[in-house]
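Here is what each chain is made of, one letter per residue.
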Amino acid sequence: MADWTDCLNFGIRVAKEASEVVLSALQQKKEVNLKSSPADLVTETDQRVEKILISAIRKQFPQHRFIGEESVAAGERVQLTDCPTWIIDPIDGTVNFVHRFPFVAISIAFTVNKQTEFGIVYSCVEDKLFHAQRGRGAFLNREPLHTSGQEDISRCVVVTEIGAERDDLALSTMTSNIFRLLKLPVHGVRALGTAAVDMCQVATGGADAYYHIGMHCWDIAASAIIVQEAGGVVMDTDGSEFDMMSRRVIAASSSAVANRIAQVIQAFPCCRDDEDPHELRL
Ligand code: IPD
């Protein structure tokens, strides 16, 4: 089995270096632009940090490929091949970054043969480094992580997000999903504003489950392996196998909790990340 530890260590190093740029820009005035909706924001720092990360990694590993949030926003297509591929979100939690709400993360996943080999989530303000390598466990600041193991939905704290999708169907589906979970009941519903850090809460056992519809592969690819390696379960919201391109995810402390959430929540239609929305499907 190939060992990608050198790549993991390099990814951790560049994520920490790039976080200096995020932290210093956090205090400054920002120029904010809109992408797909009034809640889908981008700043010059998102673009700059993505360029810093990709150019440093490309210099070290010239054969590797990239899927980066801001490169895709600039027109690149999402194509996950069997080649070693870095999936990068330079600032997960851009709305938080703009408002200085203190949860912003650099998220980096690495895949080979379409399988995730490792994930890195660096929560910059908290100075928390989450990482996991396939088959080798999950860690927070190098200390091992374990999910809560909770199996009873009525004792769960569930994390979710009202993301950037703001059409009527998306909004009514997301709010009624929260209503249905609260009526089960669950102990509480939380949102930190970054899918990557939200999901890492499940890996720490601080939350028991997370679900989201409408996020993108770069938001959750790294945290998915962190949850799995911490002993958790990751699946599609319809209960099928996790597919990072589907824009739907449940991450939970146990299969029982994941399946219960899949029974309760509904999804709204989203174009897959690896599908061109302008291409006609025949
Ligand atoms: C967003 C965050 C947010 C989620 C959105 C994502 P970004 O990522 O993860 O929590 O609700 O769906 O798009 O745009 O800040 O990288």
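Placed above this text is the structure.
Small disclaimer: the values here were computed from a predicted structure and weren't measured.

Student: Residue-level account of the site of the ligand, with values.
Tutor: Contacts to the ligand come from 14 residues, most closely from Asp89, Asp92, Gly93, Thr94 and His212. Here Ala195 contributes a backbone N or O atom positioned 3.0 Å from an oxygen atom of the ligand. Burial of the ligand by the surrounding chains reaches 91%, relative to a free accessible area of 370 Å². Residue contributions to the shell around the ligand peak at three residues, all from strand β4 (residues 85-92).

Student: I'd like a description of the pairing of strand β12 (residues 209-213), backed by residues and values.
Tutor: In terms of burial, β12 is a largely internal element, five of the five residues being buried. Summarising the sheet, strand β10 (residues 157-159) and β12 pair through two bridges and their orientation is parallel. By the bridge assignment for β12, Val159 is matched with Tyr210. Relative to strand β14 (residues 248-252), β12 runs antiparallel, the two being bridged by five bridges. Counted as the bridge partner of Ile213 is Arg248 from β14.

Student: Tell me what's going on with unusual backbone geometry, and back it up with residues and numbers.
Tutor: Looking along the chain, the bond that leaves Leu184 and enters Pro185 is cis, with omega of 5°. Summarising the element assignment, Pro185 is placed in the loop between α5 (168-183) and β11 (188-190). The phi dihedral of Asp127 falls on the positive side, at around 55°, and the residue is not glycine. Among the structural elements, Asp127 can be located in the loop between β6 (115-123) and β7 (128-133). Residue Arg247 is not a glycine yet carries a positive backbone phi of 70°. Tracing the sequence through the fold places Arg247 in the loop between β13 (233-235) and β14.

Student: Account for the packing of helix α6 (residues 195-204) against helix α7 (residues 217-229), with residues named and values stated.
Tutor: Two numbers describe a pair of packed helices, the interaxial angle and the distance between the axes. Across the interface, α6 lies against α7 with an axial gap of 8 Å and an inter-helix angle of 5°. The orientation of α6 with respect to α7, classified from their angle, is roughly parallel. In this structure, α6 contributes Ala195, Ala196, Met199, Cys200, Val202 and Ala203 to the contact, and α7 contributes Asp219, Ile220, Ser223, Ala224, Ile226 and Val227. Residues of the contact of α6 with α7, tallied by class, amount to 10 nonpolar, one polar and one charged.

Student: Residues and numbers for the nonpolar core, please.
Tutor: Counting 39 residues, the largest nonpolar core has Ile87, Val121 and Ile226 as its most contacted members. Only β5 (105-112), β7, β8 (138-140), α6, α7 and β14 provide two or more residues apiece to this core. Looking at this core element by element, the count peaks at eight residues for α7. Once residues lying within four places of it in the same chain are set aside, the contact partners of Ile87 are Ile67, Leu80, Ser107, Ile108, Ala109, Thr111, Cys217, Trp218, Ala221 and Met244. Counting 32 residues, the second largest nonpolar core, distinct from the first, contains Val21, Ile108, Tyr122 and Cys124.

What counts as what
Residues numbered from 1 in each chain as written. Predicted model: local features only at pLDDT ≥ 70, side-chain atom pairs only at ≥ 80, totals over all residues. Heavy atoms only, no water. Near = heavy atom within 4 Å. Polar contact = N/O pair within 3.5 Å; in protein donor to acceptor, adjacent residues only side chain to side chain. Areas by Shrake-Rupley, 256 points an atom, 1.4 Å probe, with all protein chains shown as cover. Helix = DSSP H or I, 4+ residues; strand = E, 2+ residues; numbered from the N terminus. Buried < 20%, exposed > 50% of the residue type's maximum accessible area, 1.4 Å probe, protein only. Pairing = 2+ DSSP bridges. Axes fitted to C-alpha atoms, helices over the stretch in contact; angles between N-to-C directions. Parallel < 35°, antiparallel > 145°, perpendicular 65-115°, else oblique. Contact = heavy atoms within 4.5 Å. Nonpolar A, V, L, I, M, F, W, Y, C, P; charged D, E, K, R; others polar. Core = buried A, V, L, I, M, F, W, Y, C linked by side-chain atoms within 4.5 Å.

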